[in-house]
Amino acid sequence: PFLGDQEVFDAVGPAQEMNLSMPFAAAMHPDSGDVYAWHQNRLTLLRYTEDDKYEQAAQIELPESEDVALACAGQVIACVLADGELFLLDAISLATLKRFRPAGQSTPYMAMASPDGLWLAVLFHSGRLLLYDIEQEHSTWVGSNVSAASFDGDDLLVADRVERVTRYRTGS
């Protein structure tokens, strides 16, 4: 495409360009292929259609934030603002299901969801890792001085204290 061949890409939408610039965040739902894009304090749901295109299906205005961390967890989208406020939103309507500040003013580093969509993990720059049970609406702090985390099936792998990795069973 950089040599002038414009036929190598297909436009997949949405019909109206979004003109995204930094800061910007996006997440793709692992089951539906829907894309959630945050830009200029708006979260937009781009629904993946049967004709392999994307169309804008919903949009909400969020409080002003310098950045966000996004994660798709089943029927819930997690949106963590730069000031540490966590929004749990309905994946279809983007309606707010829950809004709270689990780590005070700590800035999120990343958010992720378990493959089954039952668990949400949010790593904050403070080194604290929040594990949130979406069904039970219960949160637990995991590890200390955490630098990375990742779901491995139902387990959560946590890197902390520089060179240690611990496997946590999310169910227990």
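Our subject in this report is the structure included herewith. All of these numbers come straight from a predicted model, not from anything done at the bench. (Residues numbered from 1 in each chain as written. Predicted model: local features only at pLDDT ≥ 70, side-chain atom pairs only at ≥ 80, totals over all residues. Heavy atoms only, no water.)

### Remarks on the layout of surface pockets
Then step 1. Here the largest pocket is characterised by a volume of approximately 210 Å³.
Then step 2. Along the walls of the largest pocket sit Pro14, Gln16, Glu17, Met18, Leu20, His39, Gln40, Arg42, Thr44, Gln56 and Gln59, which together make up its complete lining.
Then step 3. Listing elements by their share of the lining of the largest pocket, those giving two or more residues are β3 (42-48) and β4 (54-61). (1 Å grid on protein atoms, 1.4 Å probe; cavity = no way out; pocket = protein on both sides within 12 Å on 5 of 7 lines; lining within 4 Å. Points joined across faces, edges and corners; volume = space filled by probe spheres on them. Helix = DSSP H or I, 4+ residues; strand = E, 2+ residues; numbered from the N terminus.)

### Quick look at the nonpolar core
Then step 1. Formed by 19 residues in total, the largest nonpolar core has its most connected members in Tyr36, Leu43, Leu70 and Cys79.
Then step 2. Elements supplying a minimum of two residues to this core: β1 (24-28), β2 (35-39), β3, β4, β5 (68-73), β6 (76-81) and β7 (86-90).
Then step 3. Contact partners of cysteine 79, with chain neighbours within four places excluded, come to Leu62, Val68, Ala69, Leu70, Glu85, Leu86, Phe87 and Leu89.
Then step 4. Judged by nonpolar contacts, the second largest core, of 18 residues, contains Val80, Ala113, Leu120 and Phe124. (Core = buried A, V, L, I, M, F, W, Y, C linked by side-chain atoms within 4.5 Å. Buried < 20%, exposed > 50% of the residue type's maximum accessible area, 1.4 Å probe, protein only. Contact = heavy atoms within 4.5 Å.)

### With respect to the pairing of β7
Two faces, one strand: in a regular strand the side chains alternate between the faces of the sheet.
Then step 1. Within β7, four of the five residues are buried, which leaves the element mostly enclosed by the surrounding structure.
Then step 2. Bridge count between β6 and β7: five bridges; the pairing is antiparallel. Looking at the pairing, cysteine 79 lines up with phenylalanine 87 of β7.
Then step 3. The loop that links β6 with its antiparallel partner β7 comprises four residues; one of these, glycine 84, has a positive phi angle of about 95°. (Pairing = 2+ DSSP bridges.)

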